[in-house]
Structures are given as C-alpha cells and as structure tokens.
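Per-entry structural report
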Amino acid sequence: MLQKPKGTYDIYGDKALTYLYFRKLVEALMDKYNAKYFETPIFESSELFHRGVGETTDIVSKETYDFKDRGDRDLTLRPEGTAGIVRCFIENKLYAENLPLKAWYLGPMFRYERPQAGRYREFYQFGFEAFGSFDAMMDAEVIGIVCNLFKILGLKGVSVNINTLGDKESRENYRKALLDYFKPYLNDLCDDCRRRYEKNPLRILDCKVDSSNEIMKNAPKMTDYLNEESRIHFDKVKEYLDAMGINYKVNSSIVRGLDYYTHTVFEVQADIEGFGSQNTLAAGGRYDHLVEFVGGPSVPGVGFAVGLERLFLALDAENIDIREIICPDVYIFSAGDEQKPYVLSLSNDLRLAGFNVEIDYNGKSFKSNFKQADKVNARYIIIIGEEEVESKLLTVKNNETKEEYKVKLDKIIEFLDEKLGEEHED
RNA sequence: GCGUUGUUGGUGAAGUGGUUAACACGGUGGAUUGUGGUUCCAUUAUUUCGUGGGUUCGAUUCCCACACAGCGCCCCA
C-alpha cells in the first residue's frame, strides 16, 4: 500500500473548508493593512537559507530538505518564508520603490522533524514581513496583526511574550557577558546547555531543565546590556503596544532559533493544556540586517509567521469552527434519460446566473434523488420529466417547507432569486 | 537525533493459535417503477486484520525487523 510520506497530510473535506476559509479571512485582514500578497518558490538555492536563516541554526543544520536537481544545482525546500521574501525583495529591487512595503504569504514549508501533533514535515505558515522602517511603530504593528488575527478567529487562550535582543552591538556584548558568566558553571549545566554554550549561548536561557537553577536566575540580563538606542527602541515598542491595548509579558528567555533577529522578538503561545512543546502559535521579530546579509541594501525588516496546523489545533481546543459550509441552492434531477439534456442546459443557465447547482448524473431513482438532495443540503429541488419538458413548467420544491411550485422555464431565475433572496434576508 | 505507546473495513471499534472476523455508524440497492428524509429488508473486510520475515501442522492472534501514527525530549510554527 502506497502511503503519504512521513509527516505529511492530505487536506480535504472539513479540513479543506477550514483552510479555504482561513485563507479568505487572512486575505481580508491583509487588505486592511494594505499588505501585498507574495508567492515565492517552494525551493530556493540552498545558499539562501544558509545565509539567511543561519548556518548554525538547527533548522538549517539538520532539518532542511536538500537536493540536487538534474543540473547539479544545490536546492533546498524552504523551511520558512522570510528568506524567500527577502530574496524576492532584493532580486526585484523592490527597495527602490515606495517603502515601507508590507508583504504577506501563505504556503507550505518543509522541515525534516519528528512529527507530533501540530508538527509536520510539510506544514503551512501564514507570514507577514514589513520592509523599510526602523521605527518601533512597525514592531508594534506587526504584533498587533497577530493579535487581531486571533481576535477575529475568536481565540481566547493566547499570551504574547516579547523580548529584545538589542542591536548588533548590544547583542554581542551580552553574548560575551553570558559566556563569561557561565564558564565557571559549565559542569553544573545540562548536556544541552553545554552544547548551547558553544553554539548559541543565548539559548541557554531558554532551557527547561535548568530553568529553576540558581545559576540561571542570577545570569546577566539582556536589559543590562542594551545600549541607549536599543533600550529606547524597546521602550517605544512597549509604549505602542500599551496604546493598542495589547496584553503582553516581557520574557527574557525568548531568543528565537533563527540568527537574523535584532531588537524585538516575540512569541504568541496557546495557553491550552496538552499542547506540550508545540504551544507556540506564532513568532517573529525584527531583522535589521537580513536584507543586507542576503545581498541587498541596508533595509530593515520586521515580520512574523503563524503555523496553521497549530492554530487549527488551538481553534479545535476552544471549539471554534471556521468552516464555511456551502450548500447547493438547487438540486436538479430528471425522471428519465430523455430529460438529461434539459437538466444540463438548465443547470448551466442557473450556474451562470450565480446559483450553486447540483445535478444527478447517474439517473438514480426518485427516492435516491431525494435522499441525495438531502445529503447535499440543497435548498430547492427541480424535477424534470416528460410533463415538464412539454409544458415548459418546472416542478420546483422547497426542500425545507416541502412546498411545491410550478414555475415557467423562462421565469425560473427570477423565481429563485426571489425565494433565495428572501431566505438570505432572514 | 533519543525515549515511549500503538497499527483490524469508508469510520468508531470487539475479537481468537485453527475453516462465519462481533457490534454500531456510514455507503449502495430495494419495500405499489413521479416524490424522499422515520421504519424495515438486503448488501457492504474473506486471496483479509500496517509491510516483510520467522516459530508452528496452522497466525490477524506468538517472536523479530521495517514503515507509519500518537505522546514526551531536543528544536521549532
């Protein structure tokens, strides 16, 4: 039995309805921000991610899908969305146009991970990136978008955690301070932390094993190493968030796994039991040097990404159903084969007039057709038999009230418009 | 990458070392061949119980490996 690759899943049925509606909702939300839709390649040159996301990050060092194409090019399935958007921004010289530019995307990402609930190897992210503003207003705006999205969805149990990594200088000073501080305690830390000490000392603070450790509590704080500019920036972000009425916590252990962040970083967590370590619904931050690093001019950026699978899991946990259920306005069937052409032509006309029309293709019995009409939840049923064809009077039945009407063929659109219009007004 | 639990039909699942793999839902067809949604009847896994090996006279049932899924860790959305 052939089966789908590990960590992938099919989208159909109810799940498809959820995805479609979510996309619709995001489109509408993004329009409100005047953000532009981007679709970039699902694979890019491997180098883009190595440079953009960071060679030493776990994502790039052990989670990417790398392959060579037939032309011997090194390619990588995108593990996140930002690098591709940044590449597109540079390659198409969008920096030469009116900035800031607000961009959004929604599509599949790929990481070679051990699958769990809300964690897949092919997963979907909705992301947003704003290029061209150093101002803390943009940081706050970005966090605000995530909050608005969750608000619109009706998701209640979420908390916003923010932190700052400062600018390059602050971050480097802090890194040194951490290295100095932890050096004598290395033997007291867990294995992972000793590894982090070498690779990314900021992540030691994020450790769950050692979090209650005295050593951790007395560790140097990022806030003490921020230079003037970085501190002012972070204060502004908080001020603006307050102004928008956004509840947040400053959490100094948030450092993020991608190398490109500077200043503001944030995570939005689901406060739902049983989410384990997959409780981060959205995350993002500022990346003032990424564009430059990937090969463009010095243009700042801020962005975030939301994982759809986790978000949908959270919606489920709160019993929020965002499926948009679409039912046929009309179900048409014929009494016999002779009337099939009439079924097709009538259904065509009705569809062009804007109705959702389902028809019987298989020449089922009356009984089966009525059952079928119920199953698809059709509002009206049209029966076409010999009598109807001869008299050009259609038999139309309201499937809720069971009322039956005789409607002239050339008046059917008017009739349905009126009837279905009435119901919509209710 | 490490640990752990599981894998029976379209779905939820019961079950046993041996010639009917229970039950429920769903699907299909039918119960006066132009009027239904309740009810009733029939049918719906059978070269089959994730895949491949092994033990056995015989395995879906025992053993091993692999695949996949779930959960925890790491990490992350």
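Residues numbered from 1 in each chain as written. Chains lettered and ligands numbered in written order. Predicted model: local features only at pLDDT ≥ 70, side-chain atom pairs only at ≥ 80, totals over all residues.

**Comments concerning the domain arrangement of chain A**
The cut-off we apply is this: Those domain boundaries reflect an automatic or database domain assignment.
Annotation of chain A at the domain level lists domain 1 (13-167 + 227-317) and domain 2 (330-425). One C-alpha centre belongs to domain 1, the other to domain 2; they are set 48 Å apart.

**A closer look at the packing of helix α5 (residues 136-153) against helix α10 (residues 228-243)**
A pair of packed helices can be characterised by two numbers: the angle between their axes and the separation between those axes. The test is simple: Between N-to-C directions, angles cover 0 to 180 degrees, with each direction set by a line fitted to C-alpha atoms, over the stretch in contact for helices. In DSSP terms, a helix is any run of H or I states spanning at least four residues, a strand is any run of E spanning at least two, and both are numbered starting from the N terminus. Here the angle decides the label: under 35 degrees means roughly parallel, over 145 means roughly antiparallel, 65 to 115 means roughly perpendicular, and every other value means oblique. Less than a right angle of anticlockwise turn of the near helix away from the far helix marks a crossing as left-handed, whereas a clockwise turn marks it as right-handed. Each residue gets a C-beta atom placed from its backbone, and two residues are in contact if those atoms lie within 7 Å.
For the pair α5 and α10, interaxial distance at closest approach is 8 Å and the crossing angle is 45°. It follows that α5 is oblique to α10 by the angle criterion. For the pair α5 and α10, the sense of crossing is right-handed. When α5 is examined against α10, the residues Ala136, Met137, Asp139, Ala140 and Ile143 are found in contact with a partner set consisting of His233, Lys236, Val237, Tyr240 and Leu241.

**A closer look at the nonpolar core**
Where we set the bar: Put simply, a nonpolar core is a cluster of buried Ala, Val, Leu, Ile, Met, Phe, Trp, Tyr and Cys residues tied together by C-beta atoms within 7 Å. Here exposure depends only on C-beta density: within 10 Å of a residue's C-beta, 20 or more other C-beta atoms make it buried, 12 or fewer make it exposed, and intermediate numbers make it partly exposed, the C-beta atoms being placed from the backbone.
Val142, Ile143, Val146, Leu281, Ala282, Phe304 and Val306 are the most contacted members of the largest nonpolar core, which has 74 residues in total. Among the elements that make up this core, the one with the highest residue count is α5 (10 residues). Counting 19 residues, the second largest nonpolar core, distinct from the first, contains Ile359, Tyr380, Ile381 and Leu394.

**Some details on the sheet that holds strand β3 (residues 65-68)**
Heads up, the condition is: In this scheme, strands are said to pair when DSSP sees at least two bridges between them.
Taken in spatial order, the three strands make up an open sheet running β2-β4-β3, and their pairing is antiparallel. Strands with a single pairing partner mark the edges of an open sheet, and in this sheet they are β2 (43-45) and β3. Looking at each pair of strands side by side, their axes are set apart by 35° on average, direction ignored. Inspection of the sheet shows β2 paired to strand β4 (residues 74-77) by three bridges, in the antiparallel sense. Looking at the pairing, phenylalanine 43 lines up with leucine 77 of β4.

**Describing the pairing of strand β5 (residues 101-110)**
For β5, a buried count of eight out of 10 residues is recorded, marking the element as mostly surrounded by other parts of the structure. In terms of strand pairing, strand β1 (residues 36-37) meets β5 through two bridges, oriented parallel. In the strand pairing of β5, lysine 36 is matched with alanine 103.

**Topic: the sheet that holds strand β11 (residues 301-307)**
Spatial ordering of the open sheet is given by β1-β5-β6-β11-β10-β9-β7-β8, a layout of eight strands whose pairing is mixed. Lying at the two open borders of the sheet, with one neighbouring strand each, are β1 and β8 (248-250). Here strand β6 (residues 122-131) pairs with β11 via seven bridges, running antiparallel. Following the sheet pairing, glutamine 125 is matched in β11 by glycine 307.

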